[in-house]
Amino acid sequence: MKHLPQLKVDFNISGQPLLADDYKPQCAPDGREWMPLHADQEYSVDIHMTIRGSSKRKDTSRDRGARRAHCPRFNKPVDETWWVLLGEPDTGELIAMKRVSAPRGNHLSTSLAFYTPELTGRHIYTLYVISQTYLGLDQQYDIYLDIIESDIVYQMDKDFMDFEGDLNLDITEDDPLDIEEPAPPSPDAPPGFSPLSSDARHQAWGRAAWS
């Protein structure tokens with residue numbers, strides 16, 4: 001047992017930053033918080049593994065620095081190999097999977113890319129770290145995801161609000177709309193005559209040209 005490695009796993013999710021400024025964190029069942037992610041967006045789980053303890057088998061010049069598994073009764077050297085998987089147990093869906101070869105040293109980093117669901121709602125994903133070499137070293141971690149509206153929706157809302165703000169700044173009492181007033185009638189004009197504005201004259205000329 002003293003030759004078996006000890007594994008420590010740390011992970012975080014990276015990707016599109018949250019655009020919902022008014023989002024309030026919610027408590028998850030085990031005391032952690034639901035992690036808000038936008039719908040239909042690519043993210044990645046960044047996994048960092050620290051492995052302590054190693055075999056006393058000497059490395060050859062070909063694979064110097066590679067970690068060897070402690071298996072004295074096996075007929076050839078075996079590298080420590082790991083599988084990392086991301087799934088949703090409630091639906092039985094395997095979301096992402098990757099085989100990680102033997103690390104060169106005591107630290108190993110990898111990532112799993114995935115797309116969030118298209119519909120909003122809460123999902124519990126599970127990260128599995130499975131040893132292909134040893135029995136009893138498998139680990140799993142629940143990831144609580146709160147899927148909110150797509151970042152495109154938030155960006156469209158933000159652009160619309162910015163457009164409304166610019167429109168309100170352009171139309172103010174100090175800057176009225178430029179509306180052409182009709183010219184006053186000539187003193188020689190007959191009673192009841194009202195001159196047309198330039199736009200009205202252009203429209204009347206167009207109707208006359210087509211008639």
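Scope of this entry: the structure provided in the associated data block. Predicted model, so just to flag it, every value in this text is computed and none were measured. (Residues numbered from 1 in each chain as written. Predicted model: local features only at pLDDT ≥ 70, side-chain atom pairs only at ≥ 80, totals over all residues. Heavy atoms only, no water.)

### Describing the sheet that holds strand β6 (residues 107–115)
Ordered in space as β1-β3-β6, the three strands form an open sheet in which the pairing is antiparallel. Only two strands of the sheet have a single partner each, and these edge strands are β1 (6–15) and β6. Across the sheet, the mean angle from the axis of one strand to that of its neighbour is 20°, orientation sign disregarded. Direction of pairing for strand β3 (residues 42–52) relative to β6: antiparallel, over a ladder of nine bridges. Each bridged residue has a counterpart across the sheet, and for E42 the counterpart in β6 is Y115. (Pairing = 2+ DSSP bridges. Helix = DSSP H or I, 4+ residues; strand = E, 2+ residues; numbered from the N terminus. Axes fitted to C-alpha atoms, helices over the stretch in contact; angles between N-to-C directions.)

### Some remarks on the sheet that holds strand β4 (residues 82–88)
Spatial strand order, β2-β8-β7-β4-β5: five strands in an open sheet with mixed pairing. Pairing within the sheet leaves two strands with one partner each, and these edge strands are β2 (35–38) and β5 (93–100). Averaged over all adjacent pairs, the angle separating strand axes in this sheet is 30°, with direction ignored. One ladder, built from four bridges, connects β2 with strand β8 (residues 139–148); its direction is parallel. In the sheet register, H38 faces β8, and the bridge partner there is I148.

### Some remarks on the environment of D138
If you trace the backbone, D138 turns up in the loop between β7 (121–131) and β8. Classification of D138 by relative accessible area gives partly exposed; the value is 45%. Sequence separation of D138 and V84 is 54 residues, and the distance between their C-alpha atoms is 9.9 Å. What D138 contacts, discounting residues up to four positions off in sequence, is V129, I130 and S131. Among the polar contacts made by the side chain of D138, one reaches the main-chain amide nitrogen of S131 at a distance of 3.0 Å. (Buried < 20%, exposed > 50% of the residue type's maximum accessible area, 1.4 Å probe, protein only. Contact = heavy atoms within 4.5 Å. Polar contact = N/O pair within 3.5 Å; in protein donor to acceptor, adjacent residues only side chain to side chain.)

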